[in-house]
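Here is how the chains run, residue by residue.
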Amino acid sequence: MDISQAIRQRQSIRAYLDREVNRDTIKKILDTARYAPSGANCQPWQVAVVSGTTREIIAQALTSAFRRGEPEDHDYAYYPVNWQEPFKARRIACGMQLYQTLGIDRKDKQGRMQQWEANYRAFDAPVMLFFFLDRSLAIGSYMDSGMFIQSIMLAALEEGLATCPQAALSSYATLIKDILGYPQDTILLCGMAMGYEDKGALVNSYRTPREEVEHFTTFHE
Ligand SMILES: Cc1cc2nc3c(=O)[nH]c(=O)nc-3n(C[C@H](O)[C@H](O)[C@H](O)COP(=O)(O)O)c2cc1C
């Protein structure tokens, strides 16, 4: 698979087959992704690969925290509190596209909540990944981690695996760090669902749009 094809083909997948992923395959993906660049080659990433019983424990703990209406407990602000244009409109369009694809009406609060709740089970993917950063690091390491995470998603494609990066999996950071035994001062960046795509699932049937190059680029010659 060539690189541009992989970049264009990757999409967030929100329904998976009930099929385990071999540990060696995940190791191979991480073995490739570790060649991602990082400032001063500090390689700030720490990853927890979660499957089996621990995956079940986490999915149940997150789902019940969500159902209880527990306040979210993020280690950092991934999203702005006050969204400004053009980002606000894009965020709204992103949600609309998902709910329209699934035939969930704007006023169907319960339907939307149920779909959102699937986040806390990593959309039933057999593998959840969690990405951590040491608290002593600075903002640059968030960039490095993003490059590492994208590298994982592209390397996964080559193995026939699908992914969905998930901020939702970092909504209850204390709980995740407790279960996985990470120090509470570690920063939980985000999670990721990984598994084999359910190609027949409606939720996987749409593609998100992108702005044209001219809209975000200036050339200076
Ligand atoms: C760091 C990060 C966190 C995300 N968190 C979530 C999430 O919690 N739930 C979700 O369904 N999608 C999540 N997404 C997926 C985005 O909605 C998706 O990348 C975007 O709509 C573009 O679609 P595509 O990935 O299919 O190209 C996240 C993406 C990124 C990069």
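Counting starts from 1 at the beginning of each chain's written sequence and moves along it residue by residue. For this predicted model, a pLDDT threshold of at least 70 governs which residues receive local features, and a threshold of 80 or more governs which side-chain atom pairs are given and counted, while totals over whole chains, interfaces and linings are taken from all residues.

A. Spatial organisation of the overall build of the protein chain. Helix and strand definitions here come from DSSP, where helices need a minimum of 4 consecutive H or I residues and strands a minimum of 2 consecutive E residues; each element is numbered from the N-terminal end. In terms of regular secondary structure, the protein chain is built from eight helices and four strands. For the protein chain, the succession of helices and strands along the chain, N to C, is α-α-β-α-α-α-β-α-β-α-β-α. In terms of overall size, the protein chain behaves like a compact globule, its C-alpha atoms giving a radius of gyration of 18 Å where 221 residues would be expected to give roughly 17 Å. In terms of principal-axis extent, the alpha carbons of the protein chain reach across some 50 × 50 × 35 Å. Long-range contacts, defined as pairs at least 24 residues apart, comprise 85% of the intrachain contacts of the protein chain with a sequence gap of at least 6. Radius of gyration: C-alpha atoms only; globule rule: 2.2 Å multiplied by the number of residues to the exponent 0.38. By definition, residues are in contact whenever their C-beta atoms, placed on the basis of the backbone, come within 7 Å of each other.

B. Main features of unusual backbone geometry. Going from Glu85 to Pro86, the amide bond is cis rather than trans, its omega being 5°. In this structure, Pro86 sits in the loop between helix H3 (52-67) and helix H4 (87-101). A positive phi angle is found at Asn41, which is not glycine, with a value near 50°. Locating Asn41 in the fold gives a position in the loop between helix H2 (23-33) and strand S1 (46-50). Field definition: a residue is buried when 20 or more other C-beta atoms are found within 10 Å of its C-beta, exposed when 12 or fewer are, and partly exposed for counts in between, with C-beta atoms placed from the backbone. Residue Asn41 is classed as exposed on the basis of its C-beta count, with 7 C-beta atoms lying within 10 Å. Here Ala122, not a glycine, exhibits a phi torsion of approximately 50°, which is positive.

C. Structural detail: the site of the ligand. We call a residue near a molecule or strand if the C-beta atom, set from the backbone, is within 6 Å of it. All residues adjacent to the ligand are Gln11, Ser12, Arg14, Cys94, Asn119, Cys164, Pro165, Gln166, Ala167, Ala168, Cys190 and Thr208. Looking at which element gives the most residues to the shell around the ligand, the answer is strand S3 (residues 162-166), with three residues. Under the scheme applied here, ten amino acids are nonpolar (Ala, Val, Leu, Ile, Met, Phe, Trp, Tyr, Cys and Pro), four are charged (Asp, Glu, Lys and Arg), and all others, including Gly, are polar. Broken down by class, the residue content of the shell around the ligand amounts to six nonpolar, five polar and one charged.

D. Expanded view of the sheet that holds S3. A pair of strands is considered paired only if DSSP assigns at least 2 bridges between the two. One open sheet holds the four strands; their spatial order is S1-S2-S4-S3, and the pairing between them is antiparallel. The outermost strands of the open sheet, each flanked by one partner alone, are S1 and S3. Each strand axis lies, on average, 20° off the axis of its neighbour in the sheet, ignoring direction. Here strand S2 (residues 127-133) pairs with strand S4 (residues 187-195) via seven bridges, running antiparallel. What sits directly across from Leu133, in S4, is Ile187. Axis definition: a line fit to C-alpha positions, over the contact stretch in the case of helices; interaxial angles, taken between N-to-C directions, run 0 to 180 degrees. Here helix H6 (residues 140-158) sits on the sheet in contact with S2, S3 and S4, set at roughly 160° to S2.

E. Local environment of the pairing of S3. The buried count for S3 comes to four of five residues, which makes it a mostly enclosed element. Direction of pairing for S3 relative to S4: antiparallel, over a ladder of five bridges. Bridge assignment links Cys164 to a residue of S4, and that residue is Ala193.

F. Quick look at the environment of Leu62. Along the chain, Leu62 turns up in helix H3. The buried category is assigned to Leu62, around which 25 C-beta atoms lie within 10 Å. Once the C-alpha coordinates of Leu62 and Ile29 are considered, the two residues, 33 residues apart in sequence, prove to be 26 Å apart.

All we've got here are geometric facts, nothing functional implied.
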